[in-house]
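# Close look at the chain arrangement
One-letter residues, chain by chain:
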Amino acid sequence: MKFPSSTTSGFETMFWPQILGHVMQKEFLARVLVSRRVHHAYLFFGPSGVGKKTLALEVAKALLCPESLDAGCNRCRSCLLFDASLHPDFFLISPKTNTIGIDEVRDLIERLALKRVLSPFRIGLIDEAEKLTEEAANCLLKTVEEPPEGVVLFLVASQVLALPRTLVSRCQKIAFAALPEELVAKYLEEHKGLNPDLARVLAFASSGSIGEALHLAQGMEDALFAVRSFLETVQEGDIFQAGFWLSQHREELRRILPLLAGYLRDALFVRLLGDCYHRVAVLSQEDRGFVERLARLDSGALRRALAALGTFSEDILSNAQWDVACFHFLLKLRGELS
């Protein structure tokens, strides 16, 4: 969908300044609130952890507020009940398992059909809507096609292609992108008290997702030490120990692989740019010595090691046989780094 130009008003600073980025999306939704030209169903889609659900909740709160036409007054009974997760006209579905079933959707539809209690709207929000079963999505479709008066639905999804086309086509679609790494790092520094080096690590490894960055922050320093040890083990030629370590950390690969790539990438930059490369973007100050040792390798070897890492990532994402993919990756990595 097209958004209005972000240069035409100050809505993006007046509305939801606590939500990072997404200026055009916030401005568009601010205009919806002011005009009260509300669509009956919205689909917020984009990467996980970038603020889609948070913004959807804020818009829902504002629509429910009877005292204000902007982002909500935060003082009335409606706003206070919403903040306490007790609002009688708001219903949230979050998946308790890997799916959202038809019974949950039926219950939501029944609740939305009841008379409004406190606010001008009754609102339903389905988080991780891509987990709707086919039956549940089809059940929801009728409500989306013929919504009761005053009902607004918000669907929040990270995998929009997993939703039925018929359901998607009947929603007002609002796309979200990953946040700039610099913005994520600044948030982690200013609001979470992380040191700048660790904040840069997390911003890179999370690919612009604050939610992912906060998740990765748990045990990140230990993870960095473990990844350095892994690379040193490979350089020493012990691929069996390295393979055992990878097997033990299969569930953490989404944290580990970006860090591996970060070490190799920064080593390549140091190799190519030398003293001109002052910003080791992924790693903390204490890791510079390790990066500089890696940078003694031939630039071609570092490129091939990065390519091998990329192939390994693709293999495991495509459910290739783990033992084979892991063995080929470690052989290639040892050949390039030794």
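Model, not experiment: these values are computed from the prediction.

It is worth spelling out the confidence of the model for the protein at this point. Averaged over every residue, the pLDDT of the protein is 85; residues scoring 70 or more account for 92%. Here residues 1–13 is modelled with pLDDT under 50, and outside its nearest four sequence neighbours on either side it reaches 29 contacts, counting other chains as well.

Looking now at a nonpolar patch on the surface. Residues F269, L272 and L273 make up a contiguous nonpolar surface patch of roughly 250 Å² in combined accessible area. Among the secondary structure elements, F269 is positioned in helix α13 (residues 253–273).

Turning to helix α5 (residues 102–112), a few remarks are in order. Regarding α5, the residues found buried are I102, V105, L108 and L112. One face of α5 carries all of its buried residues, which in axial projection span an arc of 120°. Those residues of α5 that are exposed and angled more than 90 degrees off the buried face are D103 and E110. In the core, the buried residues of α5 are packed alongside β2 (90–93), β3 (122–126), α6 (134–145) and β4 (151–157).

Okay, helix α16 (residues 322–337) next. Its 16 residues place the ends of α16 22 Å apart at the C-alpha level, agreeing with the 22 Å of an ideal helix rising 1.5 Å per residue. Buried residues of α16: W322, A325, C326, F329, L330, L333, E336 and L337, and no others. An end-on view of α16 places all buried positions within 130° of arc, on one side of the element. Facing away from the buried surface of α16 by more than 90 degrees, the exposed residues are D323, H328 and G335. Residues of α16 that are buried in the fold lie against α11 (220–235), α12 (239–248), α13 and α15 (299–317).

Time to look at the sheet that holds strand β1 (residues 41–45). Strand order in this open sheet of 5 strands is β2-β3-β4-β1-β5, and the pairing throughout is parallel. Since the sheet does not close on itself, it has two edges, and those belong to β2 and β5 (172–175), each with one partner. Direction aside, the axes of adjacent strands within the sheet are offset by 15° on average. As defined by bridge partners, β3 adjoins β4 across 5 bridges and the pair is classed as parallel. Considered in β4, the bridge of I123 is made with V152. Sheet contacts for helix α3 (residues 52–64): β1, β2, β3 and β4; angle to β4, the most-contacted strand, approximately 170°. Most of the contacts of α6 go to β4, to which it runs at about 135°, and overall it touches β1, β3 and β4.

Close contact between helix α9 (residues 196–205) and α13 brings their axes to 9 Å; oriented N to C, the two are set at 115°. Judged by the inter-axis angle, α9 sits roughly perpendicular to α13. Seen from above, α9 lies across α13 with right-handed handedness. Contacts from V201, F204 and A205 in α9 reach P258, L259, G262 and R265 in α13. Class assignment of the residues belonging to the contact of α9 with α13 gives a composition of 5 nonpolar, 1 polar and 1 charged.

In the structure shown here, the tally under the stated rule is 8 aromatic pairs. Summarising the aromatic geometry, the rings of Y263 and F290 are spaced 5.3 Å apart at their centres and angled 85° between planes, so their arrangement reads as edge-to-face. Taken together, the residues Y263 in helix α13 and F290 in helix α14 (residues 288–294) connect sequence positions 27 residues apart. Each member of the pair, Y263 as well as F290, is classed as buried. Taken together through their ring pairs, the aromatic side chains of Y42, F44, F154 and F176 make up a single cluster.

This next bit is on the nonpolar core. Within the largest apolar cluster, 54 residues are counted, with the highest numbers of intra-cluster contacts made by M220, F230, L231, L246, F329 and L330. If one sorts the elements of this core by residue count, α13 sits on top with 11 residues. Ignoring sequence-local partners within four residues, the contact set of F230 consists of A242, W245, L246, L260, F329, L330 and L333. Counting 29 residues, the second largest nonpolar core, distinct from the first, contains I19, Y42, L125 and I174.

Time to look at the pattern of salt bridges. Proximity of charged atoms lets side chains of opposite charge pair with each other. In this structure the tally under the stated criterion is 12 salt bridges. For the salt bridge of R31 with E27, the shortest nitrogen-to-oxygen distance reads 3.4 Å. Of the two residues, R31 and E27 both sit in helix α2 (residues 23–35), 4 residues apart, roughly one turn of that helix. A relative accessible area of 31% places R31 in the partly exposed class.

The rules we used
Residues numbered from 1 in each chain as written. Predicted model: local features only at pLDDT ≥ 70, side-chain atom pairs only at ≥ 80, totals over all residues. Heavy atoms only, no water. pLDDT = per-residue confidence, 0-100. Contact = heavy atoms within 4.5 Å. Patch = residues over 30% accessible without salt bridge, like charges linked within 9 Å, V, L, I, M, F, W, Y side chains within 5 Å. Areas by Shrake-Rupley, 256 points an atom, 1.4 Å probe, with all protein chains shown as cover. Salt bridge = Lys/Arg side-chain N within 4 Å of Asp/Glu carboxyl O. Helix = DSSP H or I, 4+ residues; strand = E, 2+ residues; numbered from the N terminus. Buried < 20%, exposed > 50% of the residue type's maximum accessible area, 1.4 Å probe, protein only. Arc of directions from axis to C-beta. Expected span 1.5 Å × (residues − 1). Pairing = 2+ DSSP bridges. Axes fitted to C-alpha atoms, helices over the stretch in contact; angles between N-to-C directions. Parallel < 35°, antiparallel > 145°, perpendicular 65-115°, else oblique. Left-handed = near helix turned anticlockwise from the far one by under 90°. Nonpolar A, V, L, I, M, F, W, Y, C, P; charged D, E, K, R; others polar. Phe/Tyr/Trp six-rings, centres within 6.5 Å; stacked < 30°, edge-to-face > 60°. Core = buried A, V, L, I, M, F, W, Y, C linked by side-chain atoms within 4.5 Å.

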